[in-house]
Amino acid sequence: MKNNKDLPAEEHSGPLMADVARLAGVAISTVSRALANPGRVNEKTRAKIDAAAKQLGYTPNAMARGLRVGKSNVVMIILPGSLYYGVSQVIPLVLQGINRSLSQNGYHLMIANLDRDEASERHILDLAFGGTVRGAIILSSDLPVDGSRSFKDSALPVVSLLYDMSHAALPSVVTNDRQAVREATAELLALGHRRFLYLAGPKGNYHDRERYLGAVEALAAAGLPEAAIVRSGGSLDYQHGFQIGVAAAAEFADLILKPTAVIATSDDMAISFMSCVQRMGWKIPTDLSIVSFDGAPVCEYSLPPLSTIEQPVEEMGQMAVSLLMERIDAPDKATALRHVIESKLIRRESFGPAPSNV
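Once a new chain begins, its residue numbering starts again from 1 and follows that chain's sequence as written. A pLDDT threshold of at least 70 governs which residues receive local features in this predicted model, and a stricter bar of 80 or more applies before side-chain atom pairs are shown or counted, although totals over entire chains, interfaces and linings include all residues. As a rule here, side-chain values come from all non-hydrogen atoms in the structure, and water together with hydrogens is ignored.

A. Spotlight on the packing of helix α9 (residues 241–254) against helix α10 (residues 267–280). Where α9 meets α10, the closest approach of the two axes is 7 Å, and the angle between their N-to-C directions is 40°. Where α9 crosses over α10, the handedness of that crossing is right-handed. Within the contact between the two elements, α9 uses G241, F242, I244, G245, V246, A248, A249, A250, F252 and A253 and α10 uses D268, M269, S272, F273, C276, V277 and M280. Here the residues of the contact of α9 with α10 sort into 13 nonpolar, 3 polar and 1 charged. A fitted line through C-alpha atoms serves as each axis, taken over the contacting stretch for helices, and the angle formed by two N-to-C directions is quoted from 0 to 180°. Per the convention used, a helix needs a DSSP run of H or I reaching at least four residues, while a strand needs a run of E reaching at least two, with both numbered from the N terminus. A crossing counts as left-handed when the near helix is turned anticlockwise from the far one by less than a right angle, and as right-handed when that turn is clockwise. Only heavy atoms matter for contacts: two residues are in contact if any of them lie within 4.5 Å across the pair. For this scheme, ten residues count as nonpolar: Ala, Val, Leu, Ile, Met, Phe, Trp, Tyr, Cys and Pro. Four count as charged, namely Asp, Glu, Lys and Arg, and the remainder, Gly too, count as polar.

Below is the structure:
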């Protein structure tokens, strides 16, 4: 058995655990449990431990370093909602790629859902500060915060995936949302389309902003105003994509001057929209062309098969894991913050020339 003196300085556990435990009036094992498994310690006891740590001048992260006598082989994946956030299978596909890469590196995957409530944020921060996990890959545009604690202060190696968080000094793996939509819109313009319907995600969302700007830039390059795009949606999150598509179909039916091309910011939106308008009597692509974003396998089996901008989720997951391993092994090594992996347009039968009578 190793003596404390044989442990690296950052992992020397005795004094720090003992001091905090003594001041809080609890056992050393209770302090350890409060950090590693907060759900097993009642709120009153955990509050005493937090207060003792602050009085001693130790940050929660310093406590975690002192308490850790081994190194976790668990990486936490932080989702912006439930596992099925985005029913288009993009999140499960991303997780599949991440899990495969982590396994190859000797790590296990832990899923945490950032539901933007106090309990979930506190739980994620407890994991980050408590030494339970070795690193994290976050799939959200917001970092967890709980009172005076912020995820960015945990010193845990973190990589952002799908969202560009380079402004917050986080290595980020993203795809070229804006460029991909700009190029797809340019192809629709070349096919004679001049009026567009844009199925939007939540207003202010990173993906929605980038994709919409791509469409606007393509129109501007063709000498068309932004008014050539009718926006639908904007109030619901991407996990409600099917509902967004259904609502957009109803709006489309009410428009006097009908768009001839639809740009949907997720496959879910496009699939439900396409199903609804076809039941109303419009033909695709004869009357209306549709292109979506994500590249879920189900698009190939839609009727007609749906054109989509396919995200390279497997490659993105591998890149995120590779960057995280680098940060775990060499935390002080300078690395690029923004890594872009290009998406590609998959052309299928939903994509065609503008109707000749418009």
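This is not the end of the story, as more comes after the structure.
B. Region of the structure containing the pattern of salt bridges. We define a salt bridge as a contact between a side-chain nitrogen of Lys or Arg and a carboxyl oxygen of Asp or Glu at a distance within 4 Å. Scanning the model with the defined rule gives 10 salt bridges in all. Across the pair E210 and R178 runs a salt bridge whose closest N-O atoms are separated by 3.0 Å. One end of the pair, E210, is in helix α8 (residues 206–221); the other, R178, is in helix α7 (residues 177–190), and 32 residues separate them in sequence. A relative accessible area of 26% places R178 in the partly exposed class. Note on exposure labels: buried denotes an accessible area under 20% of the residue type's maximum, exposed denotes more than 50%, and partly exposed covers the range between, all computed with a 1.4 Å probe on protein chains only.

C. How the structure looks around the environment of Y238. Tracing the backbone through its elements, the reader meets Y238 in the loop between β9 (229–233) and α9. Judged by relative accessible area, which is 9%, Y238 ranks as buried. In the structure, Y238 is positioned 30 residues away from D268 in sequence and 8.5 Å away in space, judged by C-alpha atoms.

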